[in-house]
Number of protein chains: 2
Amino acid sequence: MTMTTAVDTRWVYAFGGGGADGDASMKDLLGGKGANLAEMSSLGLPVPPGFTITTEACVHYYANGKTYPADLTAQVAAGLAQVEKITGKTFGDPANPLLVSVRSGARASMPGMMDTVLNLGLNDQTVEGLAELAGDRRFAFDSYRRFIQMYSNVVLDLDHHMFEEILDEHKERLDVTVDTALSAEDWEDVVRDYKAAVQRDLGEAFPQDPQAQLWGAVGAVFASWMNDRAKFYRRMHDIPESWGTAVNIQSMVFGNMGQTSATGVAFTRNPSTGEAKLYGEFLINAQGEDVVAGIRTPQALTKASREEMGDRQASMEEAMPEVFAEFKAVVGRLETHYRDMQDIEFTVERGRLYMLQTRNGKRTAKAALKIAVDLAAEGVIGHEEAVMRVEPASLDQLLHPTIDPASARDVIATGLPASPGAATGKVVFSAEEAVLLGAAGEAVILVREETSPEDIRGMDAARGIVTARGGMTSHAAVVARGMGRPCVSGAGEIHIDAAAGEFRARGRTIRAHQVITIDGSTGEVLEGAAKMVEPELSGDFGTLMTWADKVRRLKVRANAETAIDAQTARQYGAEGIGLCRTEHMFFDPGRIAAVREMILADDEGGRRTALAKILPMQRADFVQLFGIMEGLPVTIRLLDPPLHEFLPHTAEEVAAVAQATGLDADKLLRRAKELHEVNPMLGHRGCRLGVSYPEIYEMQVRAIIEAACEVAAGGKPAPIPEIMHPLVAKGEEMKFLRELTDRTAREVIAEKGVTIEYLVGTMVELPRAAIRAGDLAEHAEFFSFGTNDLTQTTFGVSRDDSGRFLNAYIDKGIFERDPFVTLDQEGVGDLIRIAVERGRAVRSGIKLGICGEHGGDPASIQFCETIGLDYVSCSAYRVPIARLAAAQAAIGEREKDR
Amino acid sequence: MTMTTAVDTRWVYAFGGGGADGDASMKDLLGGKGANLAEMSSLGLPVPPGFTITTEACVHYYANGKTYPADLTAQVAAGLAQVEKITGKTFGDPANPLLVSVRSGARASMPGMMDTVLNLGLNDQTVEGLAELAGDRRFAFDSYRRFIQMYSNVVLDLDHHMFEEILDEHKERLDVTVDTALSAEDWEDVVRDYKAAVQRDLGEAFPQDPQAQLWGAVGAVFASWMNDRAKFYRRMHDIPESWGTAVNIQSMVFGNMGQTSATGVAFTRNPSTGEAKLYGEFLINAQGEDVVAGIRTPQALTKASREEMGDRQASMEEAMPEVFAEFKAVVGRLETHYRDMQDIEFTVERGRLYMLQTRNGKRTAKAALKIAVDLAAEGVIGHEEAVMRVEPASLDQLLHPTIDPASARDVIATGLPASPGAATGKVVFSAEEAVLLGAAGEAVILVREETSPEDIRGMDAARGIVTARGGMTSHAAVVARGMGRPCVSGAGEIHIDAAAGEFRARGRTIRAHQVITIDGSTGEVLEGAAKMVEPELSGDFGTLMTWADKVRRLKVRANAETAIDAQTARQYGAEGIGLCRTEHMFFDPGRIAAVREMILADDEGGRRTALAKILPMQRADFVQLFGIMEGLPVTIRLLDPPLHEFLPHTAEEVAAVAQATGLDADKLLRRAKELHEVNPMLGHRGCRLGVSYPEIYEMQVRAIIEAACEVAAGGKPAPIPEIMHPLVAKGEEMKFLRELTDRTAREVIAEKGVTIEYLVGTMVELPRAAIRAGDLAEHAEFFSFGTNDLTQTTFGVSRDDSGRFLNAYIDKGIFERDPFVTLDQEGVGDLIRIAVERGRAVRSGIKLGICGEHGGDPASIQFCETIGLDYVSCSAYRVPIARLAAAQAAIGEREKDR
């Protein structure tokens, strides 16, 4: 045993020469690129030798004040020595120099986000050796100037424009326009000027010591893990900062050694459509970055695709038939080996093929579906594996109209991608006008500072919604997602002047009724009408969903209250309604007057008179809903929001309402003031209304049971309503509500003489409800976890106000994900776990579901499967996503058990 | 084994005839009265025989739709038969009738709250038998009319005025004024008219069947458990509704059988002062209710007390020397037996003594102290038992000035007893005026609609506070209790017209600067200056606190931020400061300008400039505080409230501030609007400020450590500041804050060259913090449970808004206690338990305390002891209460282990 623990850690894994220390399964440690280089090397494929510094070294680096592990130096030296041995070259040897590339490589692909240095090891001596060895002085100095430029930019943090200007000056002086026109001597001049510029700008010479270069590049790659681009990308893609990146140091091969050299990228299938044809492009006599830089037009790989594109340049198949044949065999082998479409980088150096990277290729949702279904048809993978191959969230792209990717985008503002899909319509600034124009058949986009529950009808009437304020979980965002309306929220660039009937953004003024387009999937607002692509639920979609439904255990329901929502939900495969919010029905213009009359009533009698007017309307809603759902379960939540939400607030609003309804303005204002709350989220709402004013809940229960009786009596499948009480915190509360519900239901059933089954249950949306779930379960037949409010109360964070600090929290790495989007499994999830355990201990068969925003989030659905809930409920448009996520979760759980 | 389970339950326990089925330990089952009657009977004392129907029968009654257990009838019949056997009388026998009393008797004494029926068993036949037996027809009919009146009122629910009117008519007709002037025939007439009145009012005759009478009375006693008085009393005294009452049925003895008969009440010691002298009064030829009714003036028991009062009527000692001697021996025996001061009821029937009740006597806080200390001195009880004898909450009476009980009270309004003690002063309507007049040495009472944080200085300057709105946990109430200022909150009768400089209440108008007195212990507002009694911390108080301190394990700290609070805290025995709220210091007029400048700053630089102005002021505060606390621990909470609390809100306030400070009014208004939050309780506050604007917390940490260095360098005991971060929800947050704190502290320590120890910890006041306490404990050296906010978030209830529904919840029995006053042990407490467990699992020595309002609540302190916290912290004025409660909790815990 040695005394230093660091010696026990292996920081460096070698590959190349027909073998490797690692393999494809070690992505966590070696990053995706490193693991696959090792795998390809072990497969005997032509991989330039190299080694990978592990992600753990990066984690160590950040955990220890940006210092390397003590024994890293020795391990890197050993790795380098092995590469020298395989290649027969020596790092820094002027006669036979080994040159290397230094590339990042995290667990998850983060294309272009982190830094790379090529041609490392070149200096004033080795460049001469390279020239000698290659027999090509021009190539050597071209490589050297590329290295100086790249290294200076990436490691020394110098502006790349400086180098471009120098090169331009030389071209002007030489009167040439393309790089290829420069001779070896010209490049030598450029290199001299580059070095002088570095000396001038940095106050010291460009580093000549290859070891110093190497460690500079390693440090730069580690540092690039924390650059703003990378942070942003991680946040967008839910990649934890704690993972770190690996560093791959690999001997250089050169695609720029003349006409028998080339470099290229390939996909084994079309990543856009999924078509099973080799797809990609290459460049003769070029280095990797030239393909990306777009200075020259790349050539097709196959003859067929060249012809298809009408391209004149020879394809690789035609230009280098032998290498191409070898390449085709290699990529075929890779797809079979990895059992998935591969994204490949390669280089041909003087007629010899080298594989630089392979990875599972990114693809569109459409391609993902096709590839998965095709691979299953080809017998490469099974149905369940096919189900696992499609990212559930990506289905969103398929379920909404989108802007034609080929059309130009005249962006006038960007905000948050709050609800996916695109929509075009005339700008309106009020919910009333949206309703009016909408009723007249006009497509409108509702543009507001922010929305409130009173805007619901207008939001429903609009094709899309834009708000200047508010986050991903603002009222507008949540409601729009529920309705399946595209929405851009928090577009701070938009300055609304409602009085003038216009908004300003990026110096332009858009007047009311002018046409705009919004892209809720990107957060963009465009002037004019963009060309649209309608969603296409292709055969592959149907096939895959059938396979998914076969394996999933969790039922999937929808949150829906209107007929159109319910119909959409069924069309997308919902197996019931998990949340019907009755308050949305209260805002209907035909009812709000009676609702306000009830709120203004001086006593119970007055309230009952007003409620009697609402009863037939509520009943009619439920009759319609039960009819559509044809016997599927429907969970109806009784009145939840505080009563002041139904009243006008400002003096002007009050006056308008008073005039329109004949209600007393003073009384309205006084009542609104009386009902004002400091923290409405924690106020007089939910079942607290039902306890204070039992007559309200009695009316609602009556409406539900009467509707159920009516539907059942009409010969349709008898509905089994699940009557849900919101915001319950105590067993005694649940007992009171259960008794109220049963008493009322029994009355109605006796009056109607129809036998109706129903369940009585509760939202679990307060920490106390979770902790005391056993008490609740004594009286509740089901729990529905209301994870929106549960997240708010568990964190003590108001969704409406969190925008002020949530970004600072995510920037500082305190939150890795917005807990209102993906369930906080450790905290909120632990409370849910406790509630499930304690609820089942008291009532073993209790029905358990989730109906917060998280019900449509794949990671959260995975959690629901793990803790054994019975169903998830989400907005209608997310039902297919939930079905697929539930299937993946079921498969994942089964795998765990193996 | 029998098949019916009901047979297994014993509902009836007999006593009398020198023995009993029960004993004094069975109060839960038999109620206090029943258990003690059984005990006295077993002791061989003269107790009229009878039996007790258990509290379980009452619970059964309410749990089964107000029906009796099936076998109760048989058990009552058996009980009655035994009484008949002992007395030789028969229930309903016209020749030798047994008469009984039917009395309630709950576990806890609820004097006068429930119903009693005496002389039951009388009817038109048995009254003749009673007349015959007693040889006194007048006595028999007097008893009969008493019975009819009492039974009609209690059981038949008839108005007692009806009977009083009839009696008055007879007196008028007979031209007499006192009842004793009525003859047997007169009473017969009265009885006839009483019965006719019952027939008229009820539509049926007064029940003549003694069995029907008996069950009617039993039902009435059970029903009286749920009357409004009883409910209110229970709520006031934290008596659970679930306990139910017992019913005691006992053979009657008559104190109204002539001059050798009497009835009386006695305390074995003076219940007001605690003096060790027999104390009480009696009436010759009277029944129990006559003593209460106050028609005749009762006589003293002892010669000494008669002489002391200068009373002419003979004392019992003089009037009935033999019976008195027996009585004295009996009560002496009872006090020795029960080892506590007894409250006794007795009757003398024709020279024979009967004991009707004994119980531990209620007493004033002062008497409780003296009795406990005296009993310990007499060797009756030990020191620990003495400690257990004083109700901690009662100490509140001793620690504040009170209104002289002898003085008249000119009450003009009543509200909630929000903060104990009394105060007199001139009425002012604004905090500013309170500060001005206060500075001029005037005693003022601040009268406001409600208070806000901006009123803090005014509240501090006032002698007392009255608010027209707000509950027991409103801002005014909480702050006033913290400051030890008497406060009456929610005095809805008060209508303030601040513009006119007056308020109206009960038809009177009180102008500014008029003198009022408030009694924060009763919630009364009085016109004028009432006579005051200053608190007297007598020798008994000191003695008992010494004994308490010896046994308690929990440390007791105070919540304090000002010098005067800290001094008070030490004077009352605080062992440190558990919560110093730094925001109170920010409201100081000398600082608020700099605070506002900081809030208005456009960037970090601007904020730092403003913070630099606040730093020396904060440091000076801490220097003072550390000086006073002389090395005791001081927990300092960094800035907690949302920044908008420091800004003016209305246009007028903004204008005033802008003018006074030169700040830009538009900017102030805009910033206030920007900072406005929908749910400030769940908003941008607590450590979220420290994460968003680290410079604020850095300044505060710097002020704390610089102050500690200064005090230590000055040769005083080195303070060990405990730096506390509020509203932490995540381990990552705590890590960030810990690093910020340590970095800043190290800087200061290096600059000053003084070694200072300090702790860094967190409030646990969010459910997530409790659930993830292990994550927090990785970086936190102490937890302080902020049970105010933890209760708000766990229940999802805002203290500011809960007034709207909390009463409905308590009325409906959903809450038995206000969870903001007494910790909800099942829900919030379970989270605390989880946090303690998970926190200790990660850091075994973590320091644990509580600093919410509950820290001064005895029941909650008991809970803190049970779960093993290290300390409680409460307002300075509650420190003695907490010391005593902690001692009792420690003893209680030890008893549990035995």
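Heads up: the structure comes first, above all this text.
Keep in mind the model is a prediction, meaning the values are calculated, not measured.

Criteria and cut-off values
Residues numbered from 1 in each chain as written. Chains lettered and ligands numbered in written order. Predicted model: local features only at pLDDT ≥ 70, side-chain atom pairs only at ≥ 80, totals over all residues. Heavy atoms only, no water. Pairing = 2+ DSSP bridges. Helix = DSSP H or I, 4+ residues; strand = E, 2+ residues; numbered from the N terminus. Phe/Tyr/Trp six-rings, centres within 6.5 Å; stacked < 30°, edge-to-face > 60°. Buried < 20%, exposed > 50% of the residue type's maximum accessible area, 1.4 Å probe, protein only. Lys NZ or Arg CZ within 6 Å of the ring centre and 35° of its normal. Arc of directions from axis to C-beta. Least-squares fit on C-alpha atoms with pLDDT ≥ 70 in both. Contact = heavy atoms within 4.5 Å. Axes fitted to C-alpha atoms, helices over the stretch in contact; angles between N-to-C directions. Parallel < 35°, antiparallel > 145°, perpendicular 65-115°, else oblique. Nonpolar A, V, L, I, M, F, W, Y, C, P; charged D, E, K, R; others polar. Core = buried A, V, L, I, M, F, W, Y, C linked by side-chain atoms within 4.5 Å. Buried area = accessible area lost by both parts, 1.4 Å probe. Salt bridge = Lys/Arg side-chain N within 4 Å of Asp/Glu carboxyl O. 1 Å grid on protein atoms, 1.4 Å probe; cavity = no way out; pocket = protein on both sides within 12 Å on 5 of 7 lines; lining within 4 Å. Points joined across faces, edges and corners; volume = space filled by probe spheres on them. Polar contact = N/O pair within 3.5 Å; in protein donor to acceptor, adjacent residues only side chain to side chain.

Moving on, we get to the sheet that holds strand β3 (residues 50-53) of chain A. All names here are of chain A. Read from one edge to the other, the open sheet built from 6 strands follows the order β2-β1-β3-β8-β6-β7, with strand pairing classed as antiparallel. With partners counted over all chains shown, the strands left at the sheet margins are β2 (19-20) and β7 (116-120), one partner each. Where strand β1 (residues 12-16) and β3 come together, 4 bridges link them in antiparallel fashion. By the bridge assignment for β3, Val12 is matched with Ile53.

Here we come to the packing of aromatic side chains. Inspection of every chain in the model, using the stated rule, returns 42 aromatic pairs over all chains. Here the aromatic rings of B:Phe586 and B:Phe646 are separated by 5.8 Å at their centres, their planes lie at 50°, and the arrangement is tilted. Within this pair, whereas B:Phe586 is found in helix α22 (residues 582-586), its partner B:Phe646 is found in the loop between β29 (634-637) and α25 (651-661), the two being separated by 60 residues in sequence. The exposure class assigned to B:Phe646 is buried, which follows from its relative accessible area of 0%. An aromatic cluster of three or more residues is present, and its members are A:Tyr61, A:Tyr62, A:Tyr68, A:Trp215 and A:Phe222. Positioned above the aromatic ring of A:Tyr13 is the side chain of A:Arg10, whose terminal nitrogen or guanidinium carbon lies 4.6 Å from the ring centre. Between B:Arg557 and the ring centre of B:Tyr871, over which it is positioned, the NZ or CZ distance is 3.9 Å.

This part covers helix α33 (residues 803-811) of chain A. Residues and elements named next belong to chain A. Among all positions of α33, only Phe805, Leu806, Tyr809 and Ile810 are buried. Down the axis of α33, the buried set is contained in an arc of 140°. They therefore lie on one face. Residue Gly813 follows α33 closely and has a positive phi angle near 75°.

This next bit is on the relation of the copies chain B and chain A. Take chain B, turn it by 179°, move it 0.1 Å along the axis, and it overlays chain A with an RMSD of 0.2 Å. Here the copies are linked by what is in effect a two-fold axis. A share of 100% of interface residues in chain B that are also interface residues in chain A marks the association as one of identical surfaces.

Before going further, it helps to spend a moment on the packing of helix α21 (residues 563-571) of chain B against helix α24 (residues 604-629) of chain B. Residue and element names in this part refer to chain B. One way to put it is that α21 packs onto α24 with a least axis distance of 10 Å and a crossing angle of 10°. Classified by the angle between their axes, α21 and α24 sit roughly parallel to one another. Facing Ala563, Ala566, Gln567 and Arg570 of α21, the residues of α24 in contact are Gln624, Leu625, Ile628 and Met629. Class assignment for the residues of the contact of α21 with α24 results in 5 nonpolar, 2 polar and 1 charged.

With that settled, consider the nonpolar core. Taken as a class, soluble globular proteins show a tendency for nonpolar side chains to be buried jointly. One finds A:Phe783, A:Phe785, B:Phe783 and B:Phe785 to be the most contacted residues of the largest nonpolar core, which totals 288 residues. Looking at this core element by element, the count peaks at 12 residues for helix α28 (residues 694-713) of chain A. Those residues within four positions of B:Phe783 in sequence are excluded, and the remaining contacts are B:Thr762, B:Val764, B:Ala773, B:Leu776, B:Ala777, B:Ala835, B:Gly839, B:Ile846, B:Lys847, B:Leu848 and B:Gly849. Counting 60 residues, the second largest nonpolar core, distinct from the first, contains B:Ile53, B:Leu118, B:Tyr144 and B:Ile249.

Contact residues are listed per partner, giving 50 residues for chain B and 50 residues for chain A. Summed over both sides, the interface of chain B with chain A buries roughly 4400 Å², with 57% coming from carbon and sulfur. There are 8 salt bridges connecting chain B and chain A. The partner of B:Arg838 in a salt bridge is A:Asp830, with the nearest N and O atoms 2.7 Å apart. A per-class count over the side of chain B that touches chain A returns 22 nonpolar, 11 polar and 17 charged.

Here we come to the layout of surface pockets. When its volume is computed, the second largest pocket comes out at roughly 1100 Å³. A:Glu732, B:Glu241, B:Lys812, B:Gly813 and B:Glu816 are the residues nearest the centre of the second largest pocket, which is lined by 40 residues in total. Sorting elements by how many residues they give to the lining of the second largest pocket places helix α29 (residues 731-752) of chain A first, with 7 residues. Each residue belonging to the lining of the second largest pocket can be placed in one class, and the counts come to 15 nonpolar, 5 polar and 20 charged.

Attention now goes to the sheet that holds strand β10 (residues 279-284) of chain B. Residue and element names in this part refer to chain B. Taken in spatial order, the 5 strands of this open sheet run β11-β10-β9-β12-β13, and their pairing is antiparallel. At either margin of the open sheet sits one strand with a lone partner, and together these are β11 (299-300) and β13 (352-360). Across 6 bridges, strand β9 (residues 262-267) lies against β10 in antiparallel orientation. Looking at β10, one finds that Thr263 is bridged to Leu283.

With that settled, the discussion passes to the environment of B:Tyr354. Residues and elements named next belong to chain B. Relative to the helices and strands, Tyr354 resides in strand β13. Judged by its relative accessible area of 12%, Tyr354 is buried. Tyr354 has contacts with Pro46, Pro48, Val253, Phe346, Thr347 and Glu349, leaving out every residue within four places of it along the chain. Side-chain polar atoms of Tyr354 contact the side chain of Arg352, separated by 3.3 Å.

In this section: unusual backbone geometry. Despite not being glycine, B:Asn285 shows a phi value in the positive range, around 50°. Considering the arrangement of structural elements, one finds B:Asn285 in the loop between β10 and α10 (288-293).

Residue and element names in this part refer to chain A. Mapped onto the secondary structure, Asp818 falls in the loop between α33 and α34 (828-842). A distance of 2.8 Å separates a polar side-chain atom of Asp818 from the backbone nitrogen of Phe820. The contact partners of Asp818, leaving out residues within four places of it in the chain, are Leu806 and Ile810.

Residues and elements named next belong to chain B. Here Val428 is to be found in strand β17 (residues 422-428). Here Val428 falls in the buried class, since its relative accessible area comes to 0%. Expressed as a C-alpha distance, the spacing of Val428 and Tyr151, which sit 277 residues apart in the sequence, is 53 Å. Ignoring any residue separated from it by four or fewer positions in sequence, one finds Val428 in contact with Glu433, Ala434, Leu437, Val444, Ile445, Leu446, Val447 and His513.

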